[in-house]
Amino acid sequence: MILGSKNITSRGIWTGSWALLLTGGAFLFFVLKYPGHFYFAEQMQLFRLTPEHILHYWSKPAMLARLAGEFLIQFYFLTGAGPFIVAVLLLSGWFLIRAVLKRFGNRRSGVILPSLPVAILFVLHLDLSYSLSATLGFLLAVLFFWLFSFIGNSLVRRVLFLFALPLIYWLTGGAVFVFAGLAVLFEHLVAKGKLSFRLIWSGLLAVVLLSSLELLRLPFRLTYAELFLFPVQFRIPQAIIWILLQVTLGVVVVVHFFRSEPVARGWLFAETLLLVWVIGAGISFVGNFRLEKNLAVDSQVYFENYFEAARLARKYNVGNSVGAYYYNLTNSYLGQMPEMFFKGRQTGLKGLFLPVDNRQNYVTITFSNEVYYHLGDVNAAQHSALLGMIFSPHQQSSRLIRRLVQINIINGEYAVAAKYLRILETTWFHRDWAKQMSQYLYNDSLCAQTFWIKGKRDQQPVTAVLKTTNDQEKTLKLLLEKKPDHEAALHYLLCFYLMNKNIADFSETFFQNRVVFKGNLPEIYQQALLIGYAQNPSRYDWRKIALSPDVAARFKKYTEQFEKQQGQGEHLRKEFENTYWFFFHYADFKDE
Amino acid sequence: MNRKKFLYIFLILLSVSCHRSEIREASEEDCFPPIFPDLNEVTIPPNVAPLNFLVEGGYEQLKVELTGNNGRFTQYFKGNKTRLDPSKWQELLHNNSGQSIFIRVFAKEQKGWKKFRPFTISVAREPVDDYLVYRLIMPGFQTWNNMGIYQRQMSSFKQETIADSRLLPGTCMNCHTFLQNAPDNMVLHLRENNSGTVLRQNQQLRKINTKSEGTFSAAGFPYWHPSGKFVAFSINKVKQVFHSTGPVRAHAIDMNSDMAIYDVEQNEMFSSDVLMSEQAFEAFPCFSPDGGTLYFVSSKSGSLPEDQHEMKYSLCAVSFDAQTKKIGAEVDTLISAAVTGKSVSIPRISPDGRFLMVCLFDYGNFPSYNPESDLYLLDLHTKAFYPLELLNSPDVESYHSWSSNGRWVVFSSRRMDGLYSHIYIGYIDSDGQPRKPFLLPQKDAAFYSTFLYSFNLPEFVVRRVDISAIDFERTAKESSAEQLRFDNSH
């Protein structure tokens, strides 16, 4: 008896330690390596505490899972809350699976075996488009099965399994297959009865399930792919991993049912190895750390921590368009754009302005308004923000609605701003901000005294012209026309020409705005102007340029080397890679 | 037990009597209640859903008395929004058609009750068609993601989906058009994914590819010939541009446009020199109720977008013989842009053939972004052309259509906030005079204050469109589009 208690105690310690490791590990991973994903998920939804909003979940499957999931996602606004919520849900899943395994045989399931489906859930959370609602749907489906499995009368239980299917689908969505699969396994492995009867019942269950789904397709208006997966998205690898999760749970149940105690060491070793592989492979193949770096910078921009955003952008220096976009934007916030330009990785024009059209994903479109807003082209920022919201997964984004409020206050479009504020006032985490913004509505004198509103209003172009979506050159020229000392716009325009290798317009713009530089000319501009001089020595009075002797000497060296190497760029890379001359001769951007 | 019952009844009566005495002492306000939407002096059909409203301000309770010559009812509401009883509302409207209803609002705030001046609603004798079909889309200008075509029962708040992006992802759907307000003959245009024109006739759905060797693009903006044998289309090349500054956010520019007529039975499209002129852009067709005249708008062609402010469209007409499929050679200019200095678009004719309603605005042929766009009426008998001032607002009025009895018009307007378009319904009397319109009512009076979609292309239909969204999806996705022929012999 004493020995038994000791066994129980040591088993309890082991189980508790494992639970702590599981929760703590997931939490630490997410909070240290993946926080940007959580912030962004919150920004891309809008949970309103109104009866209408709550009731709107009724019209789609996974009603309870989505309601609970989106309710919880709003807490992601708080630092560390997202990782904590997911870690706790993973732990709950682990306990639930252990409880379910107990229903398949009152033997020890160990700690590793039930961790396998949980590890797959963890991997799913590495995908930005994966919804917390799907995890909740899974957990709810497992929970419902567990509760049903206590119904002692097998006939009643089997009938209830059948009748519950449409309801479970409505509450949990595609996770109904988890419920149905566990029910079939339970009736075949655990419950007694004639095999033929059980087979007929299984067939009936499949018919009821599929016909229920087909009948629900019209009221829910879902495509077939959505019908089977909702709220999981029909995209690779998410859908495949989701199916793998369901299969794994089934396999775990079968393995648990058939294996005898004590579990052979070989089994434990294999399970552990598999678990490590699932987590490792998941992190390698599904984890998007490049995106995470961009999201980390983006979060700092969203929270208006511009120094931190610039620090992270420089540290990460992500070599894609979004990375370059935030690198340039955050440097522009600090007034250091030209000085830092070639110290980071440039990717062409998309590194200055992210394109806005329906070929881009919603993440890129969401980011795209930041530069227009920074520069003061609020109409372009509005267009980007509206499109970002349209393409966001729920077509409602707290972040973009906040931006639209700012834009409409700047534009004096108070009625539209008021509409957005009414929406934000019904949320938990944006209502204070909304109340603060409400004071500006229809209050022109307060707006005129408020720095951020006045500043943006002063920057707005006065010339009314038409432009296409991605006509950034026109945008920048109009901003400069309104405010010739708009340094951020000037640097963006000059860098725009640099990226285009358009030295003629670069030189023209430079000489038109030369007074801005007051003798303090960034090195990259000196380098470009030297090319301008070489191309057209009589066009301007080049002597007026405050050229550094070092730059002039280096240019001489570059041209000598260039001629000597007969234009072979590889020989020049080591010494001149960070110069505009090297860029001018050799940069060639490929579409991402 | 009986004692308990008596006690409850006594308490209820006591509270009601207290309530009433409080209201009797309500302070008189010498003004109309500050309600949304504005309902004072609107004219409504006798078969419309309850016109719920909210009283601006932090009111805790409302009492609303609706009084007509033939009946009245009173309702109390918690908070500042009404949710009028549909059956009592319908009964009141039915018993008072052709007359007025007076609505008195009592509103309770912390200090006590206020009593506002009663406002009036006129109930017309003529009912409106039973259903309204419209598109819901988020304003994004350049592109879209989620949208749908919906039908709304006018006597209730019930909305059903005809087609939407959930079933047809990536598909832009627009230009739903019905033959003389009946859902039996319908056209709906799909772009991008599953592109084609879905045609419904004799309960059958077909998908047609209207892009042919004779046209530079697929056809859009359809209008049915009254025989049901033809559909006139315009073929447009539309580009969206954005304004650098100011309240106008975007603009749709018609870079090129022609017109053609589709023979439904022969699956054949034909046109003529006057509808496909090199020197002019032609758009927005509309057949007269007798089918003998085709109205459209036309402008001199130009170099766009540079000349867009010079693109001013005139209202034109040409004869059409349905027997011989002959399009007249003479174009009659009914409203000349040279005279008005403005542009006309979206001609829509009343079912009796007497009135043509159009949008009049500064330039172009897509009025939905022109704040100056107003609705005008051309009386084809007297040739009088005048603004429908009671329907217009300082902001955009754009797409409009008539009810089957010709007494009601529905139009979209951005008057509420300048960005989102909403649906308004107005009465036009037999002399072509409008009355104050009302906003499409909703169950929740605050619905529009947070709704993030625009309503556009409203069209009345006399019966429910009995197509299921799944059938529509099947036709759009599974059937390969029938290629029409272009007949060059005209």
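The structure displayed is predicted, hence computed values, not measured ones. (Residues numbered from 1 in each chain as written. Chains lettered and ligands numbered in written order. Predicted model: local features only at pLDDT ≥ 70, side-chain atom pairs only at ≥ 80, totals over all residues. Heavy atoms only, no water.)

A. Main features of the interface of chain B and chain A. The interface of chain B with chain A comprises 44 residues on the first partner and 44 residues on the second. For the pair chain B and chain A, the summed buried surface comes to about 3700 Å²; carbon and sulfur atoms form 55% of the total. Inspection of the region where chain B meets chain A yields four salt bridges. With a closest N to O distance of 2.8 Å, Arg217(A) and Glu473(B) form a salt bridge. Put simply, chain B and chain A have 11 residue pairs in polar contact (both at pLDDT 80 or more) between them. Those elements that place two or more of their residues in the side of chain B that touches chain A are strand E12 (159-164), strand E18 (230-243), strand E19 (250-263), helix H4 (447-450) and helix H5 (469-478) of chain B. (Contact = heavy atoms within 4.5 Å. Buried area = accessible area lost by both parts, 1.4 Å probe. Salt bridge = Lys/Arg side-chain N within 4 Å of Asp/Glu carboxyl O. Polar contact = N/O pair within 3.5 Å; in protein donor to acceptor, adjacent residues only side chain to side chain. Helix = DSSP H or I, 4+ residues; strand = E, 2+ residues; numbered from the N terminus.)

B. Focus on unusual backbone geometry. Cis geometry is adopted by the peptide bond preceding Pro237(A), which originates at Ile236(A) and carries an omega value of 5°. Relative to the helices and strands, Pro237(A) resides in the loop between helix H11 (224-229) and helix H12 (238-258). Following Phe36(B), the chain continues to Pro37(B) via a peptide bond in cis, the omega torsion being -5°. With respect to the element layout, Pro37(B) can be found in the loop between strand E2 (35-36) and strand E3 (42-44). Phi is positive for Tyr442(A), which is not a glycine, with a value near 55°. Here Tyr442(A) shows up in the loop between helix H22 (431-438) and helix H23 (444-449). Residues other than glycine seldom take positive phi values, yet Leu457(B) does so here, at roughly 50°. Note on placement: Leu457(B) falls in strand E34 (residues 454-461).

C. Geometry of a nonpolar patch on the surface. Residues and elements named next belong to chain A. The grouping of Leu155, Val159, Phe163 and Phe197 at the surface amounts to a nonpolar patch, some 410 Å² of accessible area in total. Counting residues per element, the nonpolar patch draws most heavily on helix H8 (residues 154-172), which supplies three residues. One can find Leu155 in helix H8. On the basis of relative accessible area, Leu155 is assigned to the exposed category, the value being 53%. (Patch = residues over 30% accessible without salt bridge, like charges linked within 9 Å, V, L, I, M, F, W, Y side chains within 5 Å. Areas by Shrake-Rupley, 256 points an atom, 1.4 Å probe, with all protein chains shown as cover. Buried < 20%, exposed > 50% of the residue type's maximum accessible area, 1.4 Å probe, protein only.)

D. Summary view of the side chain of Ser277(B). All names here are of chain B. Tracing the sequence through the fold places Ser277 in the loop between strand E20 (268-270) and strand E21 (280-287). What makes Ser277 buried here is its relative accessible area of 18%. Here Ala280 takes part through its backbone nitrogen, which lies 3.4 Å from a polar atom of the side chain of Ser277.

E. Seen up close, the sheet that holds strand E32 (residues 422-427) of chain B. Residue and element names in this part refer to chain B. An order of E30-E31-E32-E33 is seen for the four strands of this open sheet, with the pairing classed as antiparallel. Among the strands making up the open sheet, the edge pair consists of strand E30 (397-402) and strand E33 (438-439). As paired elements, strand E31 (residues 408-413) and E32 share six bridges and run antiparallel to each other. Residue pairing in the sheet places Trp408 in a bridge with Tyr427 of E32. (Pairing = 2+ DSSP bridges.)

F. Broad picture of the pairing of strand E22 (residues 293-300) of chain B. All names here are of chain B. Counting buried positions along E22 yields six of eight residues, so the element is predominantly enclosed. When E21 meets E22, the two strands line up antiparallel, connected through six bridges. Considered in E22, the bridge of Ala283 is made with Val297. Taking the residues between adjacent antiparallel strands as the criterion, E21 and E22 are bridged by five residues, where Gly291 takes a positive phi near 80°.

G. The arrangement of the packing of aromatic side chains in detail. Residue and element names in this part refer to chain A. Inspection of every chain in the model, using the stated rule, returns 83 aromatic pairs over all chains. Ring plane angle 25° and centroid distance 5.9 Å describe the contact between Phe104 and Phe145, whose orientation is recorded as stacked. Placement of Phe104 in the loop between helix H5 (81-103) and helix H6 (115-124) and of Phe145 in helix H7 (residues 132-148) is noted, with a sequence separation of 41 residues between them. Each member of the pair, Phe104 as well as Phe145, carries the same accessibility label: buried. (Phe/Tyr/Trp six-rings, centres within 6.5 Å; stacked < 30°, edge-to-face > 60°.)

H. Representation of the pairing of E34(B) in the model. All names here are of chain B. Of all the eight residues making up E34, eight are buried; the element is thus mostly covered by neighbouring parts of the structure. Bridge count for strand E10 (residues 131-137) against E34 is six bridges, and the pairing is antiparallel. The residue of E34 that forms the bridge with Ile137 is Ser454.

I. Structural context of the environment of Glu29(B). Residues and elements named next belong to chain B. Tracing the chain through its elements places Glu29 in the loop between strand E1 (27-28) and E2. Expressed as a C-alpha distance, the spacing of Glu29 and Arg117, which sit 88 residues apart in the sequence, is 6.7 Å. Leave out the neighbours within four places in its chain, and Glu29 touches Lys114, Lys115, Phe116 and Arg117.

J. Looking closely at the state of the cysteines. Residues and elements named next belong to chain B. One pass over the full model with this rule turns up zero disulfides over all chains. Looking at Cys172, it has no disulfide partner, and the nearest cysteine sulfur is the one in Cys175, 8.3 Å off. You can call Cys175 buried: its relative accessible area is 8%. (Disulfide = S-S within 2.5 Å.)

K. Helix H2 (residues 86-95) of chain B, seen in detail. Residues and elements named next belong to chain B. Among the residues of H2, Trp89, Leu92 and Leu93 are the ones counted as buried. Within H2, the buried residues cover an arc of 95° as seen down the axis, which keeps them to one side. The exposed set on the far side of H2, more than 90 degrees from its buried face, consists of Glu91 and His94. Elements that come into contact with the buried residues of H2 comprise E3, strand E5 (61-68), strand E6 (71-78), strand E7 (100-109) and strand E9 (119-123). (Arc of directions from axis to C-beta.)

L. Geometry of the environment of Leu128(A). Residues and elements named next belong to chain A. Its location among the elements puts Leu128 in the loop between H6 and H7. Along the chain, Leu128 and Gln238 lie 110 residues apart, while their C-alpha atoms are 9.9 Å from each other. Not counting residues within four places of it along the chain, the set of residues in contact with Leu128 comprises His37, Phe40, Leu291, Leu295, Tyr362 and Val363.

M. The environment of Trp267(A), seen in detail. Residue and element names in this part refer to chain A. Locating Trp267 in the fold gives a position in helix H13 (residues 265-285). A C-alpha to C-alpha distance of 27 Å links Trp267 and Phe179, two positions 88 residues apart in sequence. If sequence neighbours within four positions are ignored, Trp267 has contacts with Val255 and Arg259.

N. Here's a closer look at the nonpolar core. Residues Tyr420(A), Tyr580(A) and Ile44(B) are the most contacted members of the largest nonpolar core, which totals 214 residues. Here this core takes 11 residues from helix H26 (residues 487-500) of chain A, the largest share from any one element. In this structure, Trp18(A), Ile112(A), Ala175(A) and Phe186(A) belong to the second largest nonpolar core, which totals 90 residues. (Core = buried A, V, L, I, M, F, W, Y, C linked by side-chain atoms within 4.5 Å.)

O. Structural view of the confidence of the model for chain B. Summary statistics for chain B give a mean pLDDT of 91 and a share of 94% for residues scoring 70 or more. Scoring of the predicted complex yields 0.91 for pTM and 0.90 for ipTM. (pLDDT = per-residue confidence, 0-100.)

P. Focus on the sheet that holds strand E29 (residues 385-387) of chain B. Residue and element names in this part refer to chain B. Taken together, the four strands give an open sheet; going across it, the order is E26-E27-E28-E29, and neighbouring strands pair in antiparallel fashion. Of all strands in the sheet, those bounded by a partner on one side alone are strand E26 (343-349) and E29. In this sheet, neighbouring strand axes are inclined to one another by 30° on average, regardless of whether the strands run parallel or antiparallel. Sheet analysis places E26 next to strand E27 (residues 355-361), joined by five bridges and oriented antiparallel. (Axes fitted to C-alpha atoms, helices over the stretch in contact; angles between N-to-C directions.)

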